[in-house]
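Residue strings, one per chain:
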Amino acid sequence: MVKQKIVLRFPPNVVEQPIIYMMIKDFDLMVNILRADINPRKEGRLMMEVNGENADYQKAMAWLKEQGLIITNLEQQIIWREDRCTHCGACTVICPTRALYFERPSMNVRFDQDKCIVCELCLRACPARAMETPIDNTLFR
Amino acid sequence: MKVNRSIEEINAKIKKGKAVVLTAEEVTDLVEQKGSTEAAASVDVVTTGTFGPMCSSGVFLNVGHSSPRIKLTEAYLNGVPAYAGIAAVDLYLGATALPAADPANRNYPGEFLYGGGHVIEDLVSGKEVRFEGFSYGTDCYPRRKVDTTIRLDEINEATLFNPRNAYQNYNVAVNKGKKTIYTYMGVLKPNLGNAYYSTAGQLSPLFNDPYLKTIGLGTRIFLGGGIGYIAWHGTQHNPSAARTDNGIPRDPAGTLALIGDLKQMNARWLRGLSFLGYGATLQVGLGIPIPILNEEIMKYCAVRDEEIIAPVMDYYKDYPNLKGGNLGYVNYAELKSGLINLQGQKIPTASLSSYAGAREIALILKEWIGSGRFLLTEPSAQLPSAEDNIVLKSMPRKDPEKREDE
C-alpha cells in the first residue's frame with residue numbers, strides 16, 4: 001500500500017478533464033483532496049493524499065505525467081527556515097492543522113510536515129518570514 | 001533583612017569566578033523549596049531576558065564626511081528614510097521607517113517586507129547597504145547628493161538607542177468584531193477567534209524587579225547580543241499603574257530606554273520583522289541581571305507565570321479608539337498553555353515575544369557573569385517608580401478653529 005501526499009499542477013488544456021474521476025475509476029486509488037485551485041482555461045493546482053496499491057499508484061503517476069501534469073511532493077511545498085525562526089510562536093495559532101506548534105515546556109516552535117496542508121496562511125503571518133514556498137504562487141491566482 | 005549584600009561584594013565574587021548565578025526561571029523552584037531568605041543567602045545574581053517586537057527602537061549613525069562635504073537633509077538606507085535633521089552626517093534610523101515606494105496598505109493587508117528594522121538587521125549582519133543622501137548645498141557643505149554603499153565597520157558610530165523597550169506587562173489582544181483585523185499584535189480572527197500576548201512572563205526583566213529597586217540609570221545589560229546600558233526610563237513609563245498583592249502591575253506599566261554600540265551586537269538578537277497589514281519593526285533581545293541584595297529582591301525574582309496577570313483588550317474597537325477598560329484578566333500560565341477562558345469562551349493563544357529566546361538570553365547572561373566577563377553596575381540614579389505618581393497622558397484635544405469667546 002502507498003500513502004502519499006502530492007501536488008498536481010495542471011496546464012490550462014488539461015484543467016477541464018476529469019482527472020480525479022480517472023484516478024479513482026481506472027487506477028482504483030483513494031483520493032483525499034486537501035486543497036484545490038482550479039479555474040476554467042487557466043493553470044490549476046490540486047493538493048491531495050493518495051492511498052492505494054503501489055502498482056496502481058505508479059501506473060496512475062505515469063498516466064498523469066502523460067497528460068502533461070506536473071507532480072511534486074506536498075512536503076516540498078512549505079519550508080520552515082529554522083535559521084530564520086525566532087520561536088515567537090505567532091504561526092501556532094494561525095496554522096489550522098497544528099502542523100506548526102509549540103513544544104511545551106521548552107516553548108520552541110516545531111513544524112510537522114505530515115500535518116501541513118499547504119494552506120499558506122503561515123507565510124505572511126510569520127513576522128520573521130521564516131516560512132517559505134518554492135513556487136511562485138502568483139501564477140495560480 | 002537577614003541577607004545584605006552590596007553590588008561591590010557581588011562583583012568581587014564575579015571576578016573570582018565564584019558568583020552564584022541563576023536565571024529567573026531556574027530560581028523559582030529554589031525559592032519555593034528553601035524560602036526567600038535561604039535562597040537569597042545562596043544566590044548572588046538572577047538573570048532575566050526577553051526577545052520580542054519593540055517598535056520604539058532605532059539607531060544613531062554617523063556615516064563620516066564625504067569629499068566635498070555634504071550637510072544631509074534627507075538620507076536613505078536601502079531606500080528606507082533616516083531622520084537627518086541633526087548635524088551634517090548624523091542620522092537616526094527608526095525601526096518602523098518604510099521606503100517611500102512601499103505599497104503599505106494600498107493592497108490591504110500590506111506585507112511591509114523591508115523597513116528600518118530590516119536595515120538594522122542588515123547593518124549588524126555586516127551587509128553592504130546602499131546609502132543615498134541629499135542636501136541644498138552651502139559654502140561649507142557644497143555637495144548636494146551622495147550615492148554610495150556603507151557597511152557597519154566602515155562608518156564612525158552606530159549607536160542603538162531604543163526610547164521604549166522592555167515593557168513591564170502588556171495587553172493580550174483579541175478581536176470582538178466580525179472580520180479579521182491586522183494589527184501590531186498579529187492577525188486577529190473575528191469573534192474572539194484567537195489571542196496574542198507579547199511578554200516573556202516570569203523571565204521578563206521588569207516582572208523580576210517590579211518596583212525598579214535594583215534596575216536604574218546606567219545598569220549594564222545584554223542588548224542585541226552585546227553589552228548595553230539603561231539610558232533613561234522609557235517613553236510612556238507608567239510605574240504607578242495598579243498592581244496585584246505581589247507588586248506586579250496588572251496593566252502595561254514601566255518601560256526602559258536602552259543604549260548600546262551596534263558594532264558589538266549581532267543579528268541573532270536584532271531581527272527585522274514584517275507585521276501583515278501593520279508595518280515593519282525590530283525584534284530586540286535584551287537581558288537584565290538582578291543583583292540579589294537581600295531576601296526582598298529574591299522574593300520578587302521568584303515570581304511565576306501563574307502569579308502574573310495581563311488585561312485582555314479588544315483591538316477591533318476599544319484599542320483603536322483609546323477606550324479604557326478591558327475584557328478581563330488572564331495569567332501567563334494560562335496564556336502559555338495555548339488556551340484561555342474568557343467570558344465562558346475558550347480562545348486559542350499564541351505569543352509574539354519568543355519565550356525560548358528569552359530563556360536563551362537569560363542563560364547567555366548567566367554564562368557571561370559566571371565566567372567573570374560581565375560585571376554588575378551600581379545605578380547612577382533611580383528611575384521613577386510606583387510612588388512617583390506618574391499619570392500617563394493622552395494627546396490634548398484642542399480645536400484650533402474655536403475661539404475662546406465662542
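Calculation notes
Residues numbered from 1 in each chain as written. Chains lettered and ligands numbered in written order. Predicted model: local features only at pLDDT ≥ 70, side-chain atom pairs only at ≥ 80, totals over all residues. Buried ≥ 20, exposed ≤ 12 C-beta atoms within 10 Å, placed from the backbone. Helix = DSSP H or I, 4+ residues; strand = E, 2+ residues; numbered from the N terminus. Contact = placed C-beta atoms within 7 Å. Nonpolar A, V, L, I, M, F, W, Y, C, P; charged D, E, K, R; others polar.

Asks: Would you mind going over helix α3 (residues 116–124) of chain B in detail, with residue names and values included?
Replies: Residues and elements named next belong to chain B. The element α3 is extensively covered by neighbouring structure, given that nine of its nine residues are classed as buried. Of the positions making up α3, those classed as buried are Gly116, Gly117, His118, Val119, Ile120, Glu121, Asp122, Leu123 and Val124. Looking one or two residues beyond α3, the residue adopting positive phi is Gly126, at roughly 85°.

Asks: Run through the interface of chain A and chain B, naming residues and quoting values.
Replies: In this complex, chain A contributes 17 residues to the contact, which on the side of chain B involves 24 residues. Classifying every residue of the side of chain A that touches chain B gives nine nonpolar, six polar and two charged.

Asks: If you had to explain the environment of Ile70(A) to someone new, which residues and values would you point to?
Replies: Residues and elements named next belong to chain A. By secondary structure assignment, the location of Ile70 is in strand β4 (residues 70–73). Overall, the presence of 13 C-beta atoms within 10 Å leaves Ile70 in the partly exposed class. Ile70 sits 25 residues away from Arg45 along the chain, and the two C-alpha atoms are 9.5 Å apart.

Asks: I'd like to hear about unusual backbone geometry, residue by residue, with values.
Replies: All names here are of chain A. Cis geometry marks the peptide bond from Arg104 to Pro105; its omega dihedral reads 5°. Locating Pro105 in the fold gives a position in the loop between β6 (100–103) and β7 (108–111). A positive phi is found at Met107, a non-glycine position, where the angle reads about 60°. Looking at the element boundaries, Met107 is found in the loop between β6 and β7. Of note in the backbone geometry, Glu120 takes a positive phi value of approximately 75° without being a glycine. Mapping Glu120 onto the fold places it in the loop between β7 and α3 (121–125). Residue class for Glu120 comes out partly exposed when judged on the 16 C-beta atoms lying within 10 Å of it.

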